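Residue-level structural notes
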Amino acid sequence: MNYSLNELSIPVSQFSKDTTLFTIHFSLLTFNLMSIDEHYMRRCLQLARNGFQHARPNPMVGAVVVCGERIIGEGYHVRCGEGHAEVNALASVRPSDEHLLPESTIYVSLEPCAHYGKTPPCARLIVEKRLRRCVVGCIDPFSKVQGRGIAILREAGIDVTVGVLEQECLDLNKHFMTYHRFHRPFITLKWAETSDGFIGYADQCPGHRLTISNSLTRMVCHQRRTEHDAILVGRHTVMTDHPRLDVRHWHGDAPLRVVLAHNEVDSYPALYFSSVEEAVRGLYDRGVQSLLVEGGRQTLQSFIDRGLWDEAFVETGPSVAGEGVCSPVLNEHELVGTTFYGSNRMAWIKHR
């Protein structure tokens with residue numbers, strides 16, 4: 001239920017005279033009965049997304065320090081090798097507010113680290129600062145953490161709440177989570193098809209391609225490439241299209257080029273693997289957390305048939321081919337959403 005000032009029937013002048021009343025009803029107006037923990041965890045998620053470009057391969061993490069109903073510090077993990085979200089949040093607390101820390105709660109979207117890496121453990125810093133409570137979005141699956149940070153906090157007598165907006169926190173770092181939980185990259189499939197379900201001509205060769213994407217969807221495709229560590233195609237795609245697999249229609253780093261082929265193709269530098277299993281295992285061993293598969297039907301279907309995919313983006317254009325190479329067939333899946341770019345439709349699909 002939502003509340004407005006009129007519905008509460010409280011004169012505005014009364015708010016200025018009665019701070020307590022103002023605080024109570026301001027909370028109702030702001031949170032709409034949403035839990036306070038969820039409210040501040042959403043702020044953590046907002047902050048965490050600012051680290052999208054430079055935090056990799058570390059996860060995106062946001063942290064907020066709250067005393068009473070006032071945020072006294074906040075921060076996020078800006079760049080791999082630099083201060084974590086908790087460090088930056090606590091460092092942002094003004095000297096005049098530091099005496100409030102023992103009465104404060106720190107919200108963090110991912111479990112505070114418990115190990116010495118490029119930076120000291122954040123869990124120890126929280127203990128050192130004597131915070132009263134810590135609210136954690138989700139557990140860190142990294143083998144050197146996995147609950148150890150929470151254990152350190154609880155052993156020090158800090159009240160710890162775990163699992164606030166857990167799924168949203170997990171989804172934010174889905175590449176990182178999949179890599180550490182399942183020991184493989186997060187795998188995204190992408191293809192474009194005609195309205196009658198074809199992705200190319202049967203006799204497709206250089207100079208004779210079925211064009212489906214428009215300028216907007218090409219830009220979206222290149223943006224998605226910047227979000228992945230590696231991009232994979234099959235030998236047939238290399239031979240017929242000689243794709244650049246770059247990000248010329250977007251700003252960011254191009255992913256590592258990977259080709260599924262038994263033999264290397266002359267004048268096409270890339271990382272080569274002879275099978276899907278070898279590629280998945282080899283990329284994991286190289287620290288690749290995310291893989292975008294943009295190959296032809298055979299390559300895409302080989303990942304689908306093995307259950308080695310997490311989500312797919314399928315673009316459907318208005319053109320009709322009549323015949324040609326049929327689109328891949330997805331197994332257990334659910335449609336998450338659909339976006340239109342001009343006359344082309346982009347479906348976002350998740351593997352169940």
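You'll find the structure just up there.
Attention here is on the structure that accompanies the text.

Conventions used here
Residues numbered from 1 in each chain as written. Predicted model: local features only at pLDDT ≥ 70, side-chain atom pairs only at ≥ 80, totals over all residues. Heavy atoms only, no water. 1 Å grid on protein atoms, 1.4 Å probe; cavity = no way out; pocket = protein on both sides within 12 Å on 5 of 7 lines; lining within 4 Å. Points joined across faces, edges and corners; volume = space filled by probe spheres on them. Helix = DSSP H or I, 4+ residues; strand = E, 2+ residues; numbered from the N terminus. Nonpolar A, V, L, I, M, F, W, Y, C, P; charged D, E, K, R; others polar. Buried < 20%, exposed > 50% of the residue type's maximum accessible area, 1.4 Å probe, protein only. Contact = heavy atoms within 4.5 Å. Core = buried A, V, L, I, M, F, W, Y, C linked by side-chain atoms within 4.5 Å. Pairing = 2+ DSSP bridges. Right-handed = clockwise from strand over helix to strand, strands pointing away. Axes fitted to C-alpha atoms, helices over the stretch in contact; angles between N-to-C directions.

1. Some details on the layout of surface pockets
The space that makes up the largest pocket amounts to roughly 1300 Å³. As for the largest pocket, its lining consists of 43 residues, of which Thr237, Asp241, Glu294, Gly295 and Gly296 are closest to the centre. Mapped by element, the contributors of at least two residues to the lining of the largest pocket are strand 6 (186-193), strand 7 (198-200), helix 10 (215-226), strand 8 (230-234), helix 11 (235-241) and helix 13 (297-305). Here the lining of the largest pocket gets five residues from one element, more than from any other, and that element is helix 11. The wall of the second largest pocket is formed by 28 residues, among which Phe52, Leu172, Lys174, His175 and Glu227 lie closest to the centre. Residues of the lining of the second largest pocket, tallied by class, amount to 10 nonpolar, eight polar and 10 charged.

2. A word on helix 13
Among all positions of helix 13, only Thr299, Leu300, Gln301, Ser302, Phe303 and Ile304 are buried. Residues of helix 13 that are buried in the fold lie against strand 6, strand 8, strand 9 (256-260), helix 12 (276-285) and strand 11 (290-293). Downstream of helix 13 by one or two residues, Gly307 has phi in the positive range, about 70°.

3. Let's talk about the environment of Met177
Here Met177 shows up in helix 9 (residues 174-182). The class for Met177 is buried, based on a relative accessible area of 4%. With 36 residues separating them in the primary sequence, Met177 and Pro141 have C-alpha atoms 6.6 Å apart.

4. Some details on the nonpolar core
Counting residues in hydrophobic clusters, the biggest one holds 46 residues, and the most contacted among them are Met41, Val65 and Tyr107. Looking at this core, the element that brings in the most residues is helix 4 (residues 36-48), giving six residues. Contact partners of Tyr107, with chain neighbours within four places excluded, come to Ile36, Asp37, Tyr40, Met41, Cys44, Gly62, Ala63, Val64, Val66, Arg133 and Val135. Of all hydrophobic cores here, the second largest spans 27 residues; its members include Val288, Leu308, Leu330 and Ala347.

5. Some thoughts on the pairing of strand 3 (residues 105-110)
For strand 3, the buried fraction is high: six of the six residues fall into the buried class. Taken together, the five bridges between strand 3 and strand 4 (residues 133-138) define a ladder with parallel strand orientation. Following the sheet pairing, Val108 is matched in strand 4 by Val136. Taken together, strand 3, helix 6 (residues 122-128) and strand 4 form a β-α-β motif whose crossover is right-handed.

6. Section: the pairing of strand 11
Burial of the side chains of strand 11 extends over both faces: Ser290 and Leu292 are buried on one face and Leu291 and Val293 on the other. Pairing of strand 6 with strand 11 involves four bridges; the strand directions are parallel. What sits directly across from Leu189, in strand 11, is Val293.

7. Comments concerning the sheet that holds strand 8
What the eight strands build is an open sheet, ordered 10-9-8-11-6-12-15-14; its pairing is mixed. The open sheet has two edge strands with one neighbour each: strand 10 (271-273) and strand 14 (333-341). Taken over all neighbouring pairs, the strand axes of this sheet differ in orientation by 20° on average, direction set aside. Sitting on the sheet, helix 9 is in contact with strand 6, strand 11, strand 12 (311-316) and strand 15 (344-351), with an inclination near 125° to strand 6. Where helix 13 meets the sheet, its contacts fall on strand 6, strand 8, strand 9 and strand 11, and the angle it forms with strand 6 comes to roughly 140°.

Treat this as a map of the structure, not an account of what it does.
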